[in-house]
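# Structural overview
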Amino acid sequence: MKYRTIGTDPTTRREVSVLALGAMLFGSVTDEATSFAVLDRYVEAGGNFVDTSDNYAFWTDGGQGGQSEELLGRWRRSRGVGDEIVIATKLGARPLAPGTGYTDNPEGLSAKVIRESAERSRERLGLAKLDVLYAHIEDRTVPLQETVEAFGALVAEGTVGLLGVSNHAVWRVERARALAAAAGLPGYEVLQYAHTHLRPRTDVPDALFPDGSLGHAGPDLLGYLRAEPGLTLVAYSPLLKGAYVRPERLPADFDHPGTPARLAALRDVARETGASVNQVVLAWQIGGEPPVLPLTGVSSVAQLEENLAAVDLELTPEQRARLDAAH
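Residues numbered from 1 in each chain as written. Predicted model: local features only at pLDDT ≥ 70, side-chain atom pairs only at ≥ 80, totals over all residues. Heavy atoms only, no water.

### Points about the overall build of the protein
Across its full length, the protein carries ten helices and ten strands. Taken over C-alpha atoms, the radius of gyration comes to 19 Å for the protein, in line with the 20 Å a tight globule of 327 residues would show. Principal axes of the C-alpha set define a box for the protein whose edges measure 55 × 45 × 40 Å. By residue count, 54% of the 327 residues in the protein fall in the buried class. (Helix = DSSP H or I, 4+ residues; strand = E, 2+ residues; numbered from the N terminus. Rg over C-alpha atoms; globule rule 2.2 N^0.38 Å. Buried < 20%, exposed > 50% of the residue type's maximum accessible area, 1.4 Å probe, protein only.)

Take a look at the structure:
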């Protein structure tokens, strides 16, 4: 395994494995025995960066979520896991009532919600301190100052380590960080966005993003990361839920004229290296500039093994140039 530092403050920064493990469906779609087996193998291989959220996976049973955090809490207790495993969770997108969702009835990012949701997550996970806590989605009904101060208070109290943000417009990330800096408070340092080798259309509106997607790591976010080397990008859906090996799963926003050339470059490099296309995608992210921490969700130990092998896959500068230039 290889490792990278996230965070800049010596009191809160952590060394994490370059391959993060997503626990979104653990305890719901993925049964407990399988979830425990995947977690055990991940840790055995040197992995130590596990990702969840307080709303995972509310859509599987029409509830409010919490199954993933609860399973991770049971796994931690049964294995005697301490703070050597870095667990990141999120708040802000938990439905406020069963049968609703994060587009029509989200908990949001008020000071009251941030405090109460963080406490619930700590209880479910069995943690005195949340290593990384993300603002999951935007809440434009609450002043940014209130959100920034609420997150900062949890860090000051020692119940949260690093702060992160996901699915926000880059201008709002920067504004929140500026407000935090002006107030002498910690700001967002870990940014979690969708990112993969294929490039999506970001102009397609949906219920959460009426002006087009804010959830993808586009050129504005990548440029921001280059300008701010203290920030870290964690990439969710790096393998597009299996679409690289099952093209029928390719999301509609990747169906455009630029996709075939990117796929062809990936397949060429996979043939040259003897690796799978999935492994090439992950290796391209891990060793890229700026470097990316891929966050992969798996439903079996076999899928995890494929992903783990990508950590040691070294792409040549020429292969990287080809992958970058394809369009």
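### Looking at the side chain of Thr296
Take Thr296: it is sitting in strand S10 (residues 292-297). Given the relative accessible area of 2%, Thr296 is considered buried. Non-local contacts of Thr296, meaning those with residues more than four positions away in its chain, are made with Leu19, Ala20, Leu21, Gly22, Pro238, Leu239, Leu282 and Asn307. (Contact = heavy atoms within 4.5 Å.)

### Considerations on helix H5 (residues 170-182)
Between its first and last C-alpha, H5 extends 18 Å over 13 residues, near the 18 Å set by a 1.5 Å rise per residue. All buried positions along H5 are accounted for by Val170, Arg172, Val173, Ala176, Arg177 and Ala180. Down the axis of H5, the sector holding all buried residues measures 165 degrees, keeping them to one side. Here the buried face of H5 lies against helix H4 (144-157), strand S7 (160-166), strand S8 (190-194) and helix H6 (219-227). (Expected span 1.5 Å × (residues − 1). Arc of directions from axis to C-beta.)

### A look at the packing of helix H1 (residues 32-44) against helix H9 (residues 301-309)
Closest axis-to-axis distance for the H1/H9 pair is 9 Å, and the angle between their directions is 25 degrees. Looking at the two axes, H1 sits roughly parallel to H9. In the crossing of H1 with H9, the sense of the turn from one axis to the other is right-handed. Taking contact as the criterion, the partners of Ala37, Val38, Arg41 and Tyr42 in H1 are, on H9, Val301, Leu304, Glu305 and Leu308. When its residues are assigned to classes, the contact of H1 with H9 shows six nonpolar, no polar and two charged. (Axes fitted to C-alpha atoms, helices over the stretch in contact; angles between N-to-C directions. Parallel < 35°, antiparallel > 145°, perpendicular 65-115°, else oblique. Left-handed = near helix turned anticlockwise from the far one by under 90°. Nonpolar A, V, L, I, M, F, W, Y, C, P; charged D, E, K, R; others polar.)

### Let's talk about the packing of aromatic side chains
Under the criterion given, the structure shown has four aromatic pairs. With centroids separated by 5.2 Å and ring planes inclined at 85 degrees, the aromatic side chains of Phe58 and Trp59 adopt a geometry described as edge-to-face. For the ring pair Phe58 and Tyr102, a centre distance of 6.0 Å and an interplane angle of 85 degrees mean the geometry is edge-to-face. Residue Phe58 is located in the loop between strand S4 (49-51) and helix H2 (67-79), and its partner Tyr102 is located in the loop between strand S5 (86-91) and helix H3 (111-125); the two are separated by 44 residues in the primary sequence. (Phe/Tyr/Trp six-rings, centres within 6.5 Å; stacked < 30°, edge-to-face > 60°.)

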